[in-house]
Amino acid sequence: MTRPISNARRPVPTTQQKTAPCTADPGLAAPNAPVPPDVVFAVQRFANDPGLTGDRVGLSIWIDGLGEVGALAPDVPLLPASNQKLLTAMGVLSVLNPGARLTTVVQTTPDRGLAIVGGGDPSLTARGPNSLDALAAQVRAAGVTSVSGPLVVDESRYDGIRRAGQWQDSEVPAYAGPLSALMVDDNRYRRDAGFLADPALANGEAFRFALAAHGVAVSGPTVHGVAAPKGPVIASLTSAPVSALLTDTLLRSDNMAAEELLKEVGHSIGAPGSTARGLALTRAALAPLCVPLAGTDDDGSGLSPADNRSPREWRELLQAARAQPWFPLLRGALPLAGRSGTLSTRFRRTAAEGNVRAKTGTIPGGIALSGYGTTAGGRGFVFSVLVNGARAPAAERPLDALITAIAAHPG
């Protein structure tokens, strides 16, 4: 049996492509029309809301045909929270094949052992259809009942760095588990120091228990290693397509999936995939958007306090993305106001419901909302609103009122 083919990729931009001329969205340079009074009022009402007192607030709102109709500190870099996943999503769609799948395999080894090879699948679980239990059942169905050699855990697809960027101790595993190419249940099912330092080995032990439950006894120890590139495969599990994984990531704002997918972007030019390489390739792949990336990026999820980008830069990125071939996938993956994901309970019974698609963001000290919509008058609009400060969560209500007013604009 041969290893399943997976993870097909698009060509990665070269150094020459990074500096090649790009085609900017002409709307970005178009002169602004007079801002309608109702929009002026909505922005002023938001800026003066008592809920924003003491916070740092930035926003940039664009309405097609009118230009930038709202701007508050638009060029000041702020924490994006989970809006950072928008950059990750653009990198994934620009670099990876949206139809590619991530495969976890079990191979036999020359020393009569087994190797479980992590494929970067963020949806792998302990039990269920895409799980260690399902893999163990396949091993038993292949006729294996005893293994005299070791159980090798191969996580070499990605680097061994367990945290992305400047994550804080309080965030792991509260908001994200330790990173590994072999991830099970988001690597958040244990909190002890041993697991946080080496989740892959612990996941290997969990696989040993799953094998035992299916009547497969492993005599050798569980160890780290690198499986033979063409070793015989006796079991495999394949993820949903990358596009589906990305949709789930954005809808649920899944931190671990965002980090795994960013490392997969980094892996597109060879192992090991890493956060730093994923970010570098993402920035290179987005050069054709003609939006200078002045912000700083430190992870794929937005948990890092070192992530900073201005609302105007976010808005321009989102606006320029509309001309890209992958834009329908990006837009369709975003939560829909009042209907799905992290926006399912917001904007109900407003002009934004079933209309606005946007990425939410919430971390201690910051909230964000950036995305797309259509006004009641039929004009497309693109927006980014970032609020940083101890009282940032209180800004959600006036923020939603602002976007609702833009969606209700009749002009």
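Here the residue numbers are simple positions, counted from 1 along each chain's written sequence. Only residues with pLDDT of at least 70 are given local features in this predicted model, and only at 80 or more are side-chain atom pairs given and counted; all residues enter the totals for whole chains, interfaces and linings. As a rule here, side-chain values cover all heavy atoms of the structure and leave hydrogens and water aside.

Asks: For this particular structure, what's the right way to read the overall build of the protein?
Replies: Secondary structure assignment for the protein yields 12 helices and 12 strands. In this setup the radius of gyration rests on C-alpha atoms only. A globule is expected at 2.2 Å times the number of residues raised to 0.38. Here the protein has a C-alpha radius of gyration of 23 Å; the compact-globule value for 411 residues is 22 Å, and the two agree. Based on the C-alpha atoms only, the size of the protein along its principal axes is roughly 75 × 45 × 35 Å. Split into buried and exposed, the 411 residues of the protein put 57% on the buried side. The contact criterion used is simple: two residues touch if any of their non-hydrogen atoms lie within 4.5 Å. In the protein, of all internal contacts separated by at least 6 residues, the share reaching a separation of at least 24 is 70%. Where helices and strands are cited, they refer to DSSP runs of H or I of at least four residues and of E of at least two residues respectively, numbered from the N terminus. Think of it in three bands: with a 1.4 Å probe and only protein chains considered, a residue is buried below 20% of the maximum accessible area for its type, exposed above 50%, and partly exposed in between.

Asks: Looking at this structure, how should I read the pairing of strand S11 (residues 366–374)?
Replies: Each regular strand carries side chains that alternate between the two faces of the sheet. Within S11, eight of the nine residues are buried, which leaves the element mostly enclosed by the surrounding structure. DSSP bridges decide pairing: two strands pair if at least two such bridges lie between them. Pairing of strand S10 (residues 357–363) with S11 involves seven bridges; the strand directions are antiparallel. Paired with Ala 358 across the bridge in S11 is Gly 371. Counting the residues in the hairpin turn of S10 and S11 gives two residues, including Gly 365, whose phi is positive at 95 degrees. Relative to strand S12 (residues 380–388), S11 is paired through nine bridges, and the arrangement is antiparallel. For Gly 366, the partnering residue across the bridge sits in S12 and is Asn 388. Counting the residues between successive antiparallel strands, the hairpin from S11 to S12 contains five residues, one of them, Gly 378, with a positive phi of roughly 95 degrees.

Asks: Where do I start with the nonpolar core in this structure?
Replies: Most often, soluble globular proteins have nonpolar side chains that are buried together. Definition used in this section: a nonpolar core is a set of buried Ala, Val, Leu, Ile, Met, Phe, Trp, Tyr and Cys residues joined via side-chain atoms within 4.5 Å. One finds Met 90, Leu 317, Trp 326, Leu 330 and Tyr 372 to be the most contacted residues of the largest nonpolar core, which totals 37 residues. Secondary-structure elements contributing two or more residues to this core are helix H3 (84–95), helix H7 (242–252), helix H8 (255–267), helix H9 (275–285), helix H10 (311–321), helix H11 (327–333), S11 and S12. Broken down by element, this core gets its largest block of residues, seven residues, from H3. Counting 30 residues, the second-largest nonpolar core is a separate cluster that includes Ala 337, Phe 347, Ile 367 and Ile 406.

Asks: I'm lost on the side chain of Gln 319 in this one. Help?
Replies: Relative to the elements of secondary structure, Gln 319 occurs in helix H10. Contact partners of Gln 319, with chain neighbours within four places excluded, come to Asp 25, Gly 27, Leu 28, Trp 62 and Val 382.

Asks: Which parts of the structure should I look at to understand the sheet that holds strand S2 (residues 67–72)?
Replies: Two orientations exist for strands paired in a sheet by backbone hydrogen bonds: parallel and antiparallel. If you walk across this open sheet you meet the five strands as S2-S1-S12-S11-S10, and the pairing is antiparallel. Where the open sheet ends on each side, the last strands, each with one partner, are S2 and S10. For this sheet, the mean angle separating the axes of adjacent strands, direction not counted, is 5 degrees. In this description, a line fitted to the C-alpha atoms serves as the axis of each element, helices being fitted only across the stretch in contact, and the angle between N-to-C directions of two axes falls anywhere from 0 to 180 degrees. In the packing of helix H2 (residues 37–47) onto the sheet, contacts are made with strand S1 (56–63), S2 and S12, and the angle to S2 comes to roughly 20 degrees.

Shape is all these values report; function is a separate question.
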